[in-house]
Amino acid sequence: MSKNTLYDKVWDSHTVARLDSGQDQIFIGLHLIHEVTTPQAFGMLKEIGSGVAFPGRTMGTVDHIIPTLSQIRPYEDELAEKMMAALEQNVNEFGVRFLHLDSGKQGIVHVIGPELGLSQPGMTIACGDSHTSTHGAMGSLGFGIGTTEVGHVLATQTLALNRLKVKRIEVTGSLGPGVTPKDVTLRVIHDLGIKGGLGFAYEYGGEVFDAMSMEGRMTVCNMSIEGGARIGYVNPDQTTFDYLEGREFSPEGEAWERGVAYWNEIASGDDAEYDDVYEIAGESIEPMVTWGINPGHSIGISQPLPEIGSFAGEDRKTVEHGYDFMDLRPGESILGTKVDVAFLGSCTNSRISDLREGARLIKGNKVHPGVRMLVVPGSQQVKQQAEEEGLHEIFTEAGAEWREAGCSMCLGMNPDQLVGAERSISTSNRNFIGRQGSPRGRTHLGSPAVVVSSAIAGCIADPREMGEQA
Amino acid sequence: MSTKRIEKIVGKAIPMPRDDIDTDRITPARFLKSITFEGIEKALFCDERENTPDHPVDNPAHKGANMMFVGKNFGSGSSREHAPQALKRFGVDVLVGISFAEIFAGNCFAIGVPLGVASAEDVNELIRQAQEEPETRFTVDIGNSTVSYGDRVVPIDIQETRKAAFLAGTWDMLANLRGNLPQVEEVAASLPYVTNFESEAQ
Ligand code: SF4
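Rules used throughout
- Residues numbered from 1 in each chain as written.
- Chains lettered and ligands numbered in written order.
- Predicted model: local features only at pLDDT ≥ 70, side-chain atom pairs only at ≥ 80, totals over all residues.
- Heavy atoms only, no water.
- Helix = DSSP H or I, 4+ residues; strand = E, 2+ residues; numbered from the N terminus.
- Rg over C-alpha atoms; globule rule 2.2 N^0.38 Å.
- Contact = heavy atoms within 4.5 Å.
- Lys, Arg positive; Asp, Glu negative; His and termini not counted.
- Charge placed at Lys NZ, Arg CZ, Asp CG, Glu CD.
- Pairing = 2+ DSSP bridges.
- Axes fitted to C-alpha atoms, helices over the stretch in contact; angles between N-to-C directions.
- Domains from an automatic or database assignment.
- Phe/Tyr/Trp six-rings, centres within 6.5 Å; stacked < 30°, edge-to-face > 60°.
- Buried < 20%, exposed > 50% of the residue type's maximum accessible area, 1.4 Å probe, protein only.
- Lys NZ or Arg CZ within 6 Å of the ring centre and 35° of its normal.
- Near = heavy atom within 4 Å.
- Buried area = accessible area lost by both parts, 1.4 Å probe.
- Salt bridge = Lys/Arg side-chain N within 4 Å of Asp/Glu carboxyl O.
- Polar contact = N/O pair within 3.5 Å; in protein donor to acceptor, adjacent residues only side chain to side chain.
- Core = buried A, V, L, I, M, F, W, Y, C linked by side-chain atoms within 4.5 Å.
- Parallel < 35°, antiparallel > 145°, perpendicular 65-115°, else oblique.
- Left-handed = near helix turned anticlockwise from the far one by under 90°.
- Nonpolar A, V, L, I, M, F, W, Y, C, P; charged D, E, K, R; others polar.

### What about the overall build of chain A?
Inference 1: Looking only at helices and strands, chain A features 15 helices and 19 strands.
Inference 2: Relative to its length of 470 residues, chain A is compact, with a C-alpha radius of gyration of 21 Å against a globular reference of 23 Å.
Inference 3: Projected onto the principal axes, the alpha-carbon positions of chain A cover approximately 55 × 55 × 45 Å.
Inference 4: By sequence separation, contacts in chain A at least 24 residues apart represent 75% of the contacts at least 6 residues apart.
Inference 5: Charged side chains in chain A number 38 positive and 63 negative. The centres of these two groups are separated by 4 Å.

### Overview of the sheet that holds strand E4 (residues 94-97) of chain B
Residue and element names in this part refer to chain B.
Inference 1: Spatially, the four strands line up as an open sheet ordered E2-E3-E4-E5, and their pairing is parallel. Two strands lie at the open edges of the sheet, namely strand E2 (13-16) and strand E5 (115-117), each paired on one side alone. Pairs of neighbouring strands in the sheet enclose a mean axial angle of 20°, with direction left out of account.
Inference 2: Inspection of the sheet shows E2 paired to strand E3 (residues 67-70) by four bridges, in the parallel sense. Paired with Ile14 across the two strands is Met68, which belongs to E3.

### Here's the deal with the domain arrangement of chain B
Inference 1: In terms of domain boundaries, chain B breaks down into domain 1 (8-171) and domain 2 (172-202).
Inference 2: Computed from C-alpha coordinates alone, the two centres of domain 1 of chain B and domain 2 of chain B are separated by 37 Å.

### Notes on the packing of aromatic side chains
Inference 1: Tallying each qualifying case throughout the model produces 18 aromatic pairs over all chains.
Inference 2: Measuring from centroid to centroid gives 6.2 Å for Trp291(A) and Phe311(A), while their planes differ by 65°, and the two rings are edge-to-face. Residue Trp291(A) is located in the loop between strand E13 (288-290) and strand E14 (298-300), and its partner Phe311(A) is located in the loop between E14 and helix H11 (316-326); the two are separated by 20 residues in the primary sequence.
Inference 3: Assessed through its relative accessible area of 0%, Trp291(A) is described here as buried.
Inference 4: By the ring-pair criterion, three or more aromatic residues cluster together here, those being Phe241(A), Trp256(A), Tyr262(A), Trp263(A) and Phe197(B).
Inference 5: The ring of Phe200(A) is capped by Lys167(A), whose NZ or CZ atom sits 4.5 Å from the centre of that ring.
Inference 6: Sitting over the face of the ring of Tyr243(A), Arg247(A) holds its NZ or CZ atom 3.8 Å from the ring centroid.

### Notes on the site of the ligand
Inference 1: Neighbouring the ligand are the residues His64(A), Ile108(A), His110(A), Asp129(A), His131(A), Ser346(A), Cys347(A), Cys407(A), Cys410(A), Leu411(A), Asn429(A) and Arg435(A).
Inference 2: Counting contributing residues per domain, the shell around the ligand is built from domain 1 (6-161) and domain 3 (290-469) of chain A, each supplying no fewer than three.

### Re the interface of chain A and chain B
Inference 1: Contacts between the two partners involve 77 residues from chain A, matched on the other side by 53 residues from chain B.
Inference 2: Counting the surface lost from both chain A and chain B, the interface buries some 5500 Å², and carbon and sulfur atoms represent 60% of this.
Inference 3: The tally of links from chain A across to chain B stands at three salt bridges.
Inference 4: Two residues, Asp24(B) and Arg435(A), come together in a salt bridge whose shortest N-O distance is 3.7 Å.
Inference 5: Run the count over chain A and chain B and you get 14 residue pairs in polar contact (both at pLDDT 80 or more).

### Section: the domain arrangement of chain A
Residue and element names in this part refer to chain A.
Inference 1: As far as domains go, chain A holds domain 1 (6-161), domain 2 (165-284) and domain 3 (290-469).
Inference 2: If you look at the interface, domain 1 gives 25 residues, while domain 3 gives 23 residues.
Inference 3: For the pairing of domain 1 and domain 3, the buried interface totals around 2000 Å² over both sides, and the portion due to carbon and sulfur atoms is 56%.
Inference 4: A per-residue breakdown of the area domain 1 buries against domain 3 is headed by His64, Thr68 and Ile108, which together make up 31% of the total.
Inference 5: At the junction of domain 1 and domain 3, the tally comes to zero salt bridges.
Inference 6: On inspection of domain 1 and its partner domain 3, the count reaches 14 residue pairs in polar contact (both at pLDDT 80 or more).

### Brief notes about the pairing of strand E7 (residues 141-144) of chain A
All names here are of chain A.
Inference 1: Residue alternation in E7 divides its side chains into two sets, Leu141 and Phe143 and Gly142 and Gly144, and both sets are buried.
Inference 2: As defined by bridge partners, strand E6 (residues 124-127) adjoins E7 across four bridges and the pair is classed as parallel. Pairing of Cys127 across the sheet is with Gly144, part of E7.

### Some details on the environment of Glu198(B)
Inference 1: Residue placement: Glu198(B) occurs in the segment after helix H8 (181-190).
Inference 2: Setting aside residues up to four positions removed in sequence, Glu198(B) forms contacts with Ala255(A) and Arg258(A).

### Things to note about the nonpolar core
A general trend in soluble globular proteins is that nonpolar side chains are found buried together.
Inference 1: Within the largest apolar cluster, 145 residues are counted, with the highest numbers of intra-cluster contacts made by Met373(A) and Phe395(A).
Inference 2: Not counting chain neighbours up to four residues away, the residues in contact with Phe395(A) comprise Leu344(A), Leu355(A), Gly358(A), Ala359(A), Ile362(A), Val375(A), Ala400(A) and Trp402(A).
Inference 3: Within the second largest apolar cluster, 28 residues are counted, among which are Ile9(B), Val94(B), Ile156(B) and Leu177(B).

### What to know about the packing of helix H2 (residues 39-48) of chain A against helix H5 (residues 147-156) of chain A
Residues and elements named next belong to chain A.
Inference 1: Two numbers describe how H2 lies on H5: the axes approach to 8 Å, and their chain directions differ by 50°. Comparing the axis directions of H2 and H5 gives the class oblique. For the element pair H2 and H5, the recorded crossing hand is right-handed. On the side of H2, the interface is formed by Gln40, Ala41, Phe42, Met44 and Leu45, while H5 contributes Thr147, Thr148, Val150, Gly151, His152, Leu154 and Ala155.
Inference 2: Considering only residue class, the contact of H2 with H5 consists of seven nonpolar, five polar and no charged.

Put into structure tokens, the structure is as follows:
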């Protein structure tokens, strides 16, 4: 059993009771809600006549269903309008804080939590969305929950949870040119598998993480769940504090000092013990891209597609299905695979640093005529910042579409969808069949650099081979 | 909300042999826009069913089945509870498979759908039995952790704590959690961030 890790400390300080089920009742420090997974939960509260136990520890926004082209109400999509109206009514009725579309602060929950300083080290953070692991970048324990559990948090600010084991993922050395946090996370999932993290929280550490920006850490923690780990976190350090200082909900003055002291205390101790440790040399990581139908189906972009025989017997059926669905063949190179759509966005890669990186690479180039490129900022604040820096003009001059904040093409719940058997290169986090809205649509995941280099080339391209070193 | 004991489920089974069936395939994302779960069963595997004329869910031989036998890593992907809800509302009261994704398993537990895990060999045998003799009536016995048909008894694993809750009828966790609200207040008061570090914690 792990000892003295951040996970253990936060777990222990948030334990309310041991339940008959053998689970622990855990206090939830921050509950983020959005339109998709909450209406049924509010319905449940009404059924049992309960209010929201700690409305001040709940924050709502909209992200999944909002159109990114025009956000004028009522939405064309009646169901989207209905969901939106239901959330507005519920937050009013139950007295929950809500970031409206006209607040200037709306965005994807996993972008706005850190951005507003709501997500802080040492917290437990829950949201009815599996990518809540993102908030682990702040040194907190963030995890996704289902609608019934959303109801539990609303009614009691607690959850019944099983304690996880802790696996330390140590990335040593440094990353090569053109290699980004997205490649680190895809590599971890590649190595440990999409089930490697089941039952574990991942603690990311080592020189690569010490040197990584907060936004990069968010990208990595975001995809922990794609490797099966419900939680992924990085210990808070000076980078974390520098990021947090001065944000809207961050403590100030003396309270800030007390906060920093507390956050230093809850980081894993030097004597921390882990249930397992996995090490990767940073130098061995290449830009990664997925070729199949789950995020573990990935390769270093210059590698030949893997032979079916190289997979464990039990995985081969899925691998064959993946090749068949994606219309690719083992042994071939993925470079040069024609793409129809390039998507730069989602809670994995839609922060200002992602957009800056994308703009830097696309500047002076044109999106290939055969490619439709969407650039979708993760929040209204990111959008505003990007526009102040003129990034939107760089994108539109290159022929990309510049959109309003939202989940957009990450999933087929809003008008941004693949059509027919279109093939996309996408900075999002899931390449499951049907994910981007078309049952036959094909998704390749990669970093912002890979998406931009591919958008320009019209086919999957290595960002290291662009004019300048990425 | 009424809670009930779940001890035994008897009926026919739908065989779903493929591995890694994720929640996007169980209930495609575009069907998630509803604000109630009513009717969500219509979304169950709908993309696959459209493209697969003899999909097990539509096969008349499996009509009226109340359990499903599945492969490895069933329910991976998005945490949407629509997937277990669609299964339950379609009439699936229990699933037996080689392995299940964690969040999916938690969501199933929360709505009172037990999951049994068995070896690949045993699951494949169950799947074959359901395919070849779809009229077979299987019995899932939660207390004894078995699936049986004819004289055949297959052992399954049901997570101990969940099993106890099904048998005792305490799987509706909300009632349990609400019972401890005074202690919740105490823990909240001990966490300095709850006041945004404005005051010393207790
Ligand atoms: S961007 Fe994608 S993964 Fe992230 S919250 Fe939105 S839909 Fe979920």
